[in-house]
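Below, each chain spelled out in residue letters.
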Amino acid sequence: MILKVLVILVLLYVGYRIVVMILRRVKAQDVKGSQMHAKLSTREDLVQDPFCKIYVPKSQAYVKEINGREQYFCGSACCEKYLSEKNSLFEP
Ligand SMILES: [Zn+2]
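All values reported here derive from a predicted model rather than from experimental measurement. (Residues numbered from 1 in each chain as written. Predicted model: local features only at pLDDT ≥ 70, side-chain atom pairs only at ≥ 80, totals over all residues.)

*Asks:* Mind showing me how you'd approach the overall build of the protein here?
*Replies:* Looking only at helices and strands, one finds two helices and four strands in the protein. For the protein, the α and β elements follow one another from N to C terminus as α-β-β-β-β-α. Scored against the burial criterion, the 92 residues of the protein give a buried share of 7%. In the protein, the proportion of contacts linking residues at least 24 apart, taken out of those at least 6 apart, comes to 21%. (Helix = DSSP H or I, 4+ residues; strand = E, 2+ residues; numbered from the N terminus. Buried ≥ 20, exposed ≤ 12 C-beta atoms within 10 Å, placed from the backbone. Contact = placed C-beta atoms within 7 Å.)

*Asks:* Looking at this structure, I do not really get the pairing of strand β4 (residues 69-73). What am I missing?
*Replies:* On a regular strand, one side chain projects to one face of the sheet and the next to the other, so that they alternate. With five bridges connecting them, strand β3 (residues 62-66) and β4 associate as antiparallel partners. Counted as the bridge partner of Val63 is Tyr72 from β4. Linking two consecutive strands that pair antiparallel, namely β3 and β4, is a turn of two residues; a positive phi of about 55° is found at Asn67 within it. (Pairing = 2+ DSSP bridges.)

*Asks:* Hey, could you run me through unusual backbone geometry in this one?
*Replies:* A negative phi angle is the norm for most residues apart from glycine, just as the trans form is the norm for most peptide bonds. Its identity is not glycine, yet Lys53 carries a phi of approximately 65°, on the positive side. Turning to its location among the elements, Lys53 is positioned in the loop between β1 (46-48) and β2 (55-57). Note on Lys53: 8 C-beta atoms within 10 Å, which makes it exposed.

*Asks:* Would you explain the nonpolar core in this entry?
*Replies:* The tendency in soluble globular proteins is for nonpolar side chains to be buried as a group. Counting five residues, the largest nonpolar core consists of Ala61, Tyr72, Phe73, Cys78 and Cys79. Put simply, the parts of the chain that give this core at least two residues each are β4 and α2 (76-90). Those residues within four positions of Phe73 in sequence are excluded, and the remaining contacts are Asp49, Phe51, Ala61, Tyr62, Lys64, Cys78, Cys79 and Tyr82. (Core = buried A, V, L, I, M, F, W, Y, C linked by C-beta atoms within 7 Å.)

*Asks:* I keep staring at the environment of Gly75 and nothing clicks. Help me out?
*Replies:* With respect to the helices and strands, Gly75 occurs in the loop between β4 and α2. Gly75 gets classed as partly exposed once you count the C-beta atoms within 10 Å, which come to 16. Distance from Gly75 to Gln60, taken between C-alpha atoms, is 8.9 Å for residues 15 residues apart in sequence.

As structure tokens, this is what we get:
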């Protein structure tokens, strides 16, 4: 009789451990999924640097109005290089 009770207790414990493991895995997947979602939503706000062709988040981009159009750069250095390159093209 005592042995049967012990076996049932062990089975209950093992079952409990398995349920906890499965729940933990599901939670971990949920976190991964929401992180991917966040990455996807920020990707929509990316702008391309016309000089080095790097994509930067719009909020972190260096904005400069050139010929009435807003251009986004990864930094002021890229903007200056882009402008000097543009000016040299117009020189005879
Ligand atoms: Zn750049």
